[in-house]
Amino acid sequence: MASPVFDDSKITVIYVLGGPGAGKGTQCSRLVKEFNFSHLSAGDLLRAEQTREGSQYGELIRTCIREGTIVPMEVTIKLLENAMKEVISKASGDGWDDGQGRFLIDGFPRKMDQALRFDETVCLSSLVLFYDTSEEVMLDRLLERGKTSGREDDNVESIKKRFRTYKADTMPVIEYYSSTPKVAEIDSSATVDEVYAKSSEVVKKLFASKAN
Ligand code: C5P
Ligand code: MG
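Computed from a prediction, not measured in an experiment: that's the story for all the values here. (Residues numbered from 1 in each chain as written. Chains lettered and ligands numbered in written order. Predicted model: local features only at pLDDT ≥ 70, side-chain atom pairs only at ≥ 80, totals over all residues. Heavy atoms only, no water.)

## Things to note about the overall build of the protein chain
Part 1 of the argument: Per the secondary structure count, the protein chain includes eight helices and five strands.
Part 2 of the argument: Secondary structure elements of the protein chain occur, N-terminal to C-terminal, as β-α-β-α-α-α-β-α-β-α-α-β-α.
Part 3 of the argument: Its C-alpha radius of gyration of 17 Å places the protein chain within 12% of the 17 Å reference for a compact globule of 212 residues.
Part 4 of the argument: Taken over the C-alpha atoms alone, the protein chain extends approximately 50 × 45 × 30 Å along its principal axes.
Part 5 of the argument: In the protein chain, buried positions account for 44% of the 212 residues.
Part 6 of the argument: Counting only contacts in the protein chain whose residues sit at least 6 apart along the sequence, the fraction spanning at least 24 positions is 80%.
Part 7 of the argument: Accessible surface, the protein chain as shown: approximately 10800 Å² in total, 51% of it carbon and sulfur. (Helix = DSSP H or I, 4+ residues; strand = E, 2+ residues; numbered from the N terminus. Rg over C-alpha atoms; globule rule 2.2 N^0.38 Å. Buried < 20%, exposed > 50% of the residue type's maximum accessible area, 1.4 Å probe, protein only. Contact = heavy atoms within 4.5 Å. Areas by Shrake-Rupley, 256 points an atom, 1.4 Å probe, with all protein chains shown as cover.)

Right under this line is the structure:
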């Protein structure tokens, strides 16, 4: 079997999972500041592709996002791989010397097929940061965000569909990685600072173990 595009002894990939509104993006922004990660949100890449002139996937992505379903993995994986290549060709500074790099892949893998394919063909992941909280908390946060996000899926109807997809497709991914030492589960019901303190600790431990 062909080996992955990126060597995981040099490129650190952390998957960031959790339901919609669990706080993935918020925590990633802070981790970027402390650890000089490149933060790639699968949802953001899909939204950019949706509006890119000449994209053959625009309509498909729009429908999936509105319905809260998962875009076929080939599309998302290619977008991530391309984005990683571009970042690696330009990035510098802490964690990026000598062909090294560190990525937070946010909102991915949302489904088992994506997880296996990315690990096998793009880069073997080092860790899964899993943010867990209740649907009530997530719903409140998403409705609040919806006042200003301009996102077509931050409305009650789409949110309910996203919760359903999360349970059916994404929970199995978390269960799969839970049988390995790769998952760090963090209760994200608490304040941003409290959740961040735990996130930062987990990432520090990962880099310490990689340095050995
Ligand atoms: O992560 P985010 O909430 O921004 O994702 C928005 C939507 O993008 C998802 O509800 C889904 O339709 C699509 N998506 C996907 N596959 C991913 C990430 C997002 O299909 N890995
Ligand atoms: Mg997000």
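## Looking at the UniProt feature "binding site: ATP" (unreviewed entry) in the protein chain
Part 1 of the argument: According to UniProt, the feature "binding site: ATP" (unreviewed entry) maps to Gly21, Ala22, Gly23, Lys24, Gly25, Thr26, Arg145 and Ala190 in the numbering used here. The annotated residues contributing to the lining of the largest pocket are Gly21, Ala22, Gly23, Lys24, Gly25, Thr26, Arg145 and Ala190.
Part 2 of the argument: Assignment of secondary structure puts Ala22 in the loop between strand 1 (11–18) and helix 1 (24–35).
Part 3 of the argument: Residue classification places Ala22 among the buried positions, given a relative accessible area of 2%.
Part 4 of the argument: As for its position among the elements, Arg145 is in helix 6 (residues 135–149).
Part 5 of the argument: Among residues more than four places away in sequence, those in contact with Arg145 are Arg151, Asp154 and Arg162. (UniProt positions renumbered as here; feature names shortened; annotations may be inferred. 1 Å grid on protein atoms, 1.4 Å probe; cavity = no way out; pocket = protein on both sides within 12 Å on 5 of 7 lines; lining within 4 Å.)

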